[in-house]
Amino acid sequence: MIFIWLIKEAFVSLWRHKLRSFFAVVGVMVGIAAVIALVSIGKGVEKDVKKTVEGVGTNLIVVLSGKIDTSQSNFNQSAMGNPANFISGDILKRQDADEIAKVEGVKAVAPIALASGSIRRDGQTSTSMIMGTYPQIKDVMTGFSIRYGRFLDDSDSNKQNIVVGDFVKEQLFGDKDNIVGEKVMVGKDEFEIIGQLEKPKDAGALFSSDYESIAIISMGEAKRLNGGADKILRIAVSAKDSTDVSATVERIKQNMLLRHKDDEFSVLTQEDLLDMISSIISLLTTAVTAIAAISLIVGGIGISSVMFMSVADRTREIGIRKALGATSVLIMFQFLVESVVLAVLGGALGLVLALAVNEVVDAKTVIEPSVTVSVVILALAFCMGVGVLFGLLPAARAAMKDPVEALRQG
Amino acid sequence: MAKKEIVIKAKDLQKTYRLGRRNYVNALNGVDFELEKSDFVALVGPSGSGKSTFMHLVGLLQAPSAGKIWIKGEEMTKVSKRSYPRFRAEHIGFVFQGFNLIPTLTAKENVMLSGRYAGMSHRLARDHAEELLAKFGLQDRMNHKPDELSGGQQQRVAIARALINSPAIILADEPTGELDSKTSREVVEMLKELNSSGQTILIVTHNTEVAKMAKKIVEMKDGRIV
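The shown structure was predicted, so the numbers you read here are calculated from the model rather than taken from an experiment. Counting of residues starts from 1 at the beginning of each chain's written sequence and follows it residue by residue. Whichever chain is written first becomes A and whichever ligand is written first becomes 1, with later ones labelled in order. In keeping with the predicted nature of the model, local features appear solely for residues at pLDDT of at least 70, side-chain atom pairs appear and are counted solely at 80 or more, and the whole-chain, interface and lining totals rest on all residues. Just so you know, side-chain values use all the structure's heavy atoms and leave hydrogens and water out.

Draft legend 1. Here's a closer look at the overall build of chain B. Every helix listed is a DSSP run of H or I at least four residues long, and every strand listed is a run of E at least two residues long, numbered separately from the N terminus. Helix and strand counts for chain B stand at seven helices and 10 strands. Buried, partly exposed and exposed residues are distinguished by accessible area as a fraction of the type maximum, computed with a 1.4 Å probe on protein chains only: under 20%, between the cut-offs, and over 50%, respectively. Relative to its 226 residues, chain B shows a buried fraction of 54%. Considering only residue pairs separated by 6 or more positions, chain B has 72% of its internal contacts joining residues 24 or more positions apart. In the form shown here, chain B has an accessible surface area of approximately 10,600 Å², with 45% of it arising from carbon and sulfur atoms. Whether two residues are in contact is decided by their heavy atoms: any pair within 4.5 Å suffices. Exposure was quantified through the Shrake-Rupley algorithm and a 1.4 Å probe, taking into account, for residues, occlusion by the shown protein chains and nothing else.

This is the structure in structure tokens:
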């Protein structure tokens, strides 16, 4: 029970030097606050992305240009493959989409192409992206609900009709609610707005704006705007049966290999996409957290210097304790307990600060930071480690003091 | 006549300090000393005579350069130094000049500290500390910090702390050094009273009035007993 006595003594001693103790814990407090806030913001973003990916549809399979290795061993190194593959748009063709549609287990297929040009009206230009696709995109992906008008159908394949999200409306038409029937310019051509998109309910807050900032035209019109090139970024595929997704992926791969080399394309499921995105976010969060953790080391040095001061100030007390029968180990333990108490106090204050930061982030942004119990336990355990590590040297110095010399000082 | 129990015995005790790289100072030059149970001895002598060094050696705070020490018949120079702290806590009570109470602890906690270091349970140490402080008239000051106590009260707390483990001997180093004459007399009277109930006491003092109150005076000079 001497341990409880030592903890009590540690608190009394630290309280006696309140200001000094406070400055000692500030470093750890800031470090822990930064680490917990960044990890929880990272978790919040990851959760949001997951919600978005899960919300785009069920049994979704995506065919991309470029090779992405999603196996565990190579994933982190090559998750993105060559970024140029994603934007080249010269590998995937409409023929691929049409052939995939015939593969067993495939319910619907929709290629997605980016069309060049911008949407303009009365000298105003919208920053929205123009996407060319098949009307079947509605059967493959969710998130294309219509608020006003209608979605593209087969009759629009060669018509200059366009479906727009909220951003186009806001940027070009201001407060006007229903803009169906209005005309906009895309390149040199006039397009008629035939539908307005609804903001999808299932999308994560962070990425819901993507749905608001797109405009959709037919694949034929996109090809025309691209000067005859397909410029397909990806082909979205919906599998008929959720239990057959893996087999369908395999069949699509075999089908694609009839026209392409193995390293020209990737066939990913929603799960692969989630893993990939989670991995990237985790990697980024870890990197940023590691930088924040440096401040913990600085905090540890602060604790160490305060403990050295404490040992110097209390040399006579150390002498008294030794004269009364305290062993060197007990003296060392006493100062280590003080150092750990300082670090854990810093950690606890840091946790409170992180929760406050999270509240602000939650209130002011679309991110919902998520603090898990494991993160809190890990952070406080890390604080204890910092306390032990940086308290070791001052505690050893206290323990090694000669009692007679110590009694002469002070 | 029954043979008297020897509490402390020193034989040819020497202590040499190193000053700088090549200089050495002989603080003790072969001291032979015996202290019987229930003795009250005052060790006197000028500054630098070696009396404090002698007290540190017999108090097991330092090891001698040569010579032997027996405490309660056990030859301490043969015992591992690792066991000194526990031995000190159980058998030796210290009363220092300037009280040397720990400022962050209350009077009761200061007294309990020695008990805790000797392995006493928290409850036993607390009960014992309360009993001793009450005996010394400090029942109302138990939960006060040292800076809330007078000099005399602080020294009484220090004596209570020295007594909590019922030590074989109390070593008092200038216990009246920072007290006025009235309080000094009170403290020495307390020590005398303890001695009359069988407590062995060795006191180091400059004060001849205090020394005269001991049963026996031993004088030291140049690291020797004269």
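Draft legend 2. How the structure looks around the environment of T183 of chain B. Residues and elements named next belong to chain B. Positionally, T183 belongs in helix α6 (residues 181-196). Exposure remark for T183: the relative accessible area of 13% places this residue in the buried category. Placed 30 residues apart in sequence, T183 and Q153 show a C-alpha to C-alpha distance of 9.2 Å. A 3.5 Å cut-off defines polar contacts: any pair of N or O atoms within that distance qualifies, except that in protein one atom must be a possible hydrogen donor and the other a possible acceptor, and neighbouring residues in sequence count only when both atoms are side-chain atoms. Looking at T183, its side chain comes within polar contact range of the side chain of D180, at 2.6 Å.

Draft legend 3. Region of interest: the nonpolar core. Here, the term nonpolar core denotes a set of buried Ala, Val, Leu, Ile, Met, Phe, Trp, Tyr and Cys residues that are joined through side-chain atoms within 4.5 Å. Counting 120 residues, the largest nonpolar core has I8, F33, F54, I159, L171 and L202 of chain B as the members making the most contacts within it. If one sorts the elements of this core by residue count, helix α13 (residues 328-364) of chain A sits on top with 10 residues. Apart from the residues lying within four places of it in its own chain, the contact partners of L171 of chain B are I8, M55, V58, G59, I92, G93, F94, V95 and L202 of chain B. Formed by 51 residues, the second largest nonpolar core is a distinct cluster that contains V53, V63, A113 and I216 of chain A.

Draft legend 4. Examining the sheet that holds strand β5 (residues 74-75) of chain B more closely. Residue and element names in this part refer to chain B. Two strands are said to pair when DSSP picks up at least two bridges between them. Across the sheet, which stays open at both edges, the four strands sit in the order β2-β1-β4-β5 with antiparallel pairing between neighbours. Here the strands that pair on one side only, and so sit at the sheet edges, are β2 (23-36) and β5. With five bridges joining them, strand β1 (residues 6-19) and strand β4 (residues 66-71) adopt antiparallel strand pairing. Following the sheet pairing, K9 is matched in β4 by W70. What counts as an axis is a line fitted to C-alpha atoms, over the stretch in contact for a helix, and the angles between N-to-C directions run from 0 to 180 degrees. Across the sheet, helix α1 (residues 51-58) lies against β1, β2 and β4, angled at about 120° from β1, the strand it touches most.

Draft legend 5. Representation of the packing of helix α12 (residues 315-324) of chain A against α13 of chain A within the structure. Residue and element names in this part refer to chain A. Viewed as axis vectors pointing N to C, α12 and α13 meet at an angle of 140°, and their least axial separation amounts to 10 Å. Put simply, α12 runs oblique to α13. Seen from above, α12 lies across α13 with right-handed handedness. Between α12 and α13, the contacting residues are E317, I318, R321 and K322 on the first element and S328, I331, Q334 and F335 on the second. The nonpolar class holds Ala, Val, Leu, Ile, Met, Phe, Trp, Tyr, Cys and Pro. Asp, Glu, Lys and Arg form the charged class, and all remaining residues, Gly among them, are polar. When grouped by side-chain class, the residues that make up the contact of α12 with α13 number three nonpolar, two polar and three charged. Any angle that is under 35 degrees is reported as roughly parallel, and any over 145 degrees as roughly antiparallel; angles of 65 to 115 degrees are reported as roughly perpendicular and all others as oblique. A clockwise turn of the near helix away from the far one marks a right-handed crossing, whereas an anticlockwise turn of less than a right angle marks a left-handed crossing.

Draft legend 6. Structural view of the sheet that holds strand β6 (residues 92-95) of chain B. Residue and element names in this part refer to chain B. Strand order in the open sheet made by the six strands is β6-β7-β8-β3-β9-β10, with mixed pairing throughout. Each edge of the open sheet is held by one strand with a lone partner, namely β6 and β10 (224-225). Inspection of the sheet shows strand β3 (residues 40-44) paired to strand β9 (residues 216-221) by four bridges, in the parallel sense. Bridge pairing in β9 places V44 opposite E219. Running at roughly 75° to β6, helix α2 (residues 84-91) makes contact with β6 and β7 (169-173) of the sheet. Packing of helix α5 (residues 151-163) onto the sheet brings it into contact with β6 and β7, and relative to β6 it is tilted by some 170°.

Draft legend 7. Structural detail: a nonpolar patch on the surface. Residue and element names in this part refer to chain A. Patch membership needs two things, relative accessible area over 30% and no salt bridge, and members are linked within 9 Å if like-charged or within 5 Å if nonpolar (Val, Leu, Ile, Met, Phe, Trp, Tyr). Put simply, a salt bridge is a Lys or Arg side-chain nitrogen that is within 4 Å of an Asp or Glu carboxyl oxygen. Where nonpolar side chains cluster on the molecular surface, the patch consists of L19, F22 and F23 and spans about 350 Å² of accessible area. Among the secondary structure elements, L19 is positioned in helix α2 (residues 18-55). We classify L19 as exposed; its relative accessible area is 60%.

Draft legend 8. Highlighting the packing of helix α3 (residues 107-117) of chain B against helix α4 (residues 122-135) of chain B. All names here are of chain B. Two elements in contact, α3 and α4, have axes separated by 8 Å at closest approach and are oriented at 125°. The orientation of α3 relative to α4 falls into the category oblique. Considering how the two elements wind past one another, α3 and α4 form a crossing that is right-handed. Residue-level contacts link A107, K108, V111, M112 and R116 of α3 to H122, A125, R126, A129, E130, L132 and L133 of α4. Of the residues that constitute the contact of α3 with α4, the class distribution is seven nonpolar, one polar and four charged.

Draft legend 9. A look at the interface of chain A and chain B. Across the contact, 24 residues belong to chain A and 25 residues belong to chain B. Linking chain A with chain B are one salt bridge. Between K8 of chain A and E109 of chain B there is a salt bridge; the shortest N-O distance is 2.4 Å. Taken together, the connections running from chain A to chain B amount to five residue pairs in polar contact (both at pLDDT 80 or more). The set of elements that each furnish at least two residues to the side of chain A that touches chain B consists of α1 (2-16), α12 and α15 (403-408) of chain A. The residue inventory of the side of chain A that touches chain B, partitioned by class, reads 12 nonpolar, three polar and nine charged.

Draft legend 10. Up close: the packing of aromatic side chains. For this analysis, a ring pair means two rings from Phe, Tyr or Trp (six-membered ring only for Trp) whose centres lie within 6.5 Å, classed as stacked if their planes differ by under 30 degrees, edge-to-face if by over 60, and tilted for the remaining angles. According to the stated counting rule, one finds three aromatic pairs over all chains in the structure shown. Both rings, one in F22 of chain A and one in F23 of chain A, keep their centres 5.8 Å apart while their planes meet at 65°; by these two values the pair is edge-to-face. Considering the side-chain rings of F94 of chain B and F96 of chain B, the 5.6 Å spacing of their centres and the 5° angle between planes classify their relative orientation as stacked. Taken individually, F94 of chain B and F96 of chain B each receive the classification buried, so the pair is uniform in this respect. Comment: the charge-over-ring label is applied if NZ (Lys) or CZ (Arg) is within 6 Å of the ring centre and within 35 degrees of the ring normal. Note that K18 of chain A overlies the ring of W15 of chain A, its terminal NZ or CZ placed 4.6 Å from the centroid.

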